[in-house]
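# Observations on chain architecture
Single-letter residue listing:
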Amino acid sequence: MVCLGNICRSPLAEGILRVKAEKAGLDVEIDSAGTSNYHIGEHPDKRTISNAAKHAVDVAKLKARQFSVNDFDEFDHIFVMDSSNYADVLSLARNDNDRRKVEMILNRVYPGSDMSVPDPYFGGEQGFENVFILLDKACDVIVSSLHKS
Ligand code: 4NP
């Protein structure tokens, strides 16, 4: 799960997917990262932690890291939150195999739409709840697709 800062959207996506994968009995490795180095080593934004907790998702102990080219080797799927994350991650891809792994996460809910998960960082609480609703839907689709693979 990849966003810009790895303190708002992608840690929430990581936490939501982990809960759903555990409930589904899937044995998968889930992680998140930011394209930027702005918040390396920091815990998620307080508003992310409290929104997640409201939905019984614990992201308090996660720590931000920066996406690196090694992630293409470590993971089968790389879900990005918005079109700039998409461009930034693709710019690090070494080949078509890397490129194929990268998807706009909301395309799992709205195929072909290339919709972005809005960055909630500069807004209020409602932005975080909106992000939760979008990511919750996307993670449901992801879990059911992993079941089949
Ligand atoms: P995120 O949100 O990419 O969802 O973690 C942001 C966090 C920090 C900044 C921007 C977006 N920032 O500019 O510091």
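Look above for the structure.
For the structure given in this document, a descriptive report is provided here.

Reading the values: the criteria
- Residues numbered from 1 in each chain as written.
- Predicted model: local features only at pLDDT ≥ 70, side-chain atom pairs only at ≥ 80, totals over all residues.
- Heavy atoms only, no water.
- Helix = DSSP H or I, 4+ residues; strand = E, 2+ residues; numbered from the N terminus.
- Rg over C-alpha atoms; globule rule 2.2 N^0.38 Å.
- Expected span 1.5 Å × (residues − 1).
- Buried < 20%, exposed > 50% of the residue type's maximum accessible area, 1.4 Å probe, protein only.
- Salt bridge = Lys/Arg side-chain N within 4 Å of Asp/Glu carboxyl O.
- Near = heavy atom within 4 Å.
- Polar contact = N/O pair within 3.5 Å; in protein donor to acceptor, adjacent residues only side chain to side chain.
- Areas by Shrake-Rupley, 256 points an atom, 1.4 Å probe, with all protein chains shown as cover.
- Nonpolar A, V, L, I, M, F, W, Y, C, P; charged D, E, K, R; others polar.
- Core = buried A, V, L, I, M, F, W, Y, C linked by side-chain atoms within 4.5 Å.
- Contact = heavy atoms within 4.5 Å.
- Phe/Tyr/Trp six-rings, centres within 6.5 Å; stacked < 30°, edge-to-face > 60°.

### Describing the overall build of the chain
Helices and strands together make up the secondary structure of the chain, namely six helices and four strands. In sequence order, the secondary structure elements of the chain are arranged as β-α-β-α-α-β-α-α-β-α. On C-alpha atoms alone, the chain measures out to a radius of gyration of 14 Å, which is about the 15 Å that the 2.2 N^0.38 rule sets for 149 residues. A principal-axis box enclosing the C-alpha atoms of the chain has dimensions of 40 × 35 × 30 Å.

### Some thoughts on helix 1 (residues 9–23)
Quick reminder: α-helices carry 3.6 residues per turn. Residues three or four places apart thus point the same way. Given a rise of 1.5 Å per residue, 15 residues ought to cover 21 Å, and the 21 Å separating the end C-alpha atoms of helix 1 matches this to within 8%. By the criterion of burial, helix 1 is predominantly enclosed, with 11 of the 15 residues buried. Taken together, the buried positions of helix 1 are occupied by Arg9, Ser10, Pro11, Leu12, Ala13, Glu14, Gly15, Ile16, Leu17, Lys20 and Ala21. Directly after helix 1, the chain includes Gly25, whose backbone phi takes a positive value near 70°.

### Some words on the pattern of salt bridges
Applying the stated criterion to the full structure yields 12 salt bridges. Between Asp82 and Arg9 there is a salt bridge, with its nearest N and O atoms 3.0 Å apart. Here the residue Asp82 occupies a position in the loop between strand 3 (78–80) and helix 4 (83–90), and Arg9 occupies one in helix 1, the gap between them amounting to 73 residues. Comparing Asp82 with Arg9 shows no difference in burial state: the two are buried. Notably, a salt bridge pairs Arg94 with Asp73, separated by 2.8 Å at the nearest N-O pair. Of this pair, Arg94 sits in the loop between helix 4 and helix 5 (96–100) while Asp73 sits in helix 3 (residues 71–74), and the two are 21 residues apart along the sequence.

### Observations concerning the site of the ligand
Around the ligand sit Cys3, Leu4, Gly5, Asn6, Ile7, Cys8, Arg9, Tyr38, His39, Asp119 and Tyr121, and those are all the residues in its vicinity. In the model, an oxygen atom of the ligand is placed 3.0 Å from a nitrogen or oxygen of the Ile7 main chain. In this structure, Arg9 approaches the ligand through a side-chain N or O atom, which is 2.8 Å from an oxygen atom. Coverage of the ligand by the protein amounts to 91% of the 350 Å² it exposes when considered alone. The residue makeup of the shell around the ligand, split by class, is six nonpolar, three polar and two charged.

### Quick look at the nonpolar core
Met1, Met81, Ile105 and Leu135 are the most contacted members of the largest nonpolar core, which totals 26 residues. Looking at this core, the elements with two or more residues in it are helix 1 and helix 6 (125–148). By residue number, the principal contributor to this core is helix 6, which donates eight residues. Setting aside anything within four residues of it in sequence, one finds Met81 in contact with Met1, Val2, Cys3, Arg9, Ser10, Ala13, Ile105, Met115, Ser116, Val117 and Leu135. Within the second largest apolar cluster, 10 residues are counted, among which are Val2, Phe67, Ile78 and Val89.

### A few points about the packing of aromatic side chains
Overall, the coordinates contain two aromatic pairs when judged by the stated rule. Plain terms: the ring middles of Phe67 and Phe72 are 5.4 Å apart, the flat faces sit at 85° to each other, and that makes the pair edge-to-face. Judged by relative accessible area, Phe72 falls into the buried class, the value being 1%. Pairing Tyr121 with Phe122 gives two aromatic rings, centres 4.8 Å apart and planes at 80°, and the pair type is edge-to-face. Phe122 gets classed as exposed once you look at its relative accessible area, which sits at 76%.

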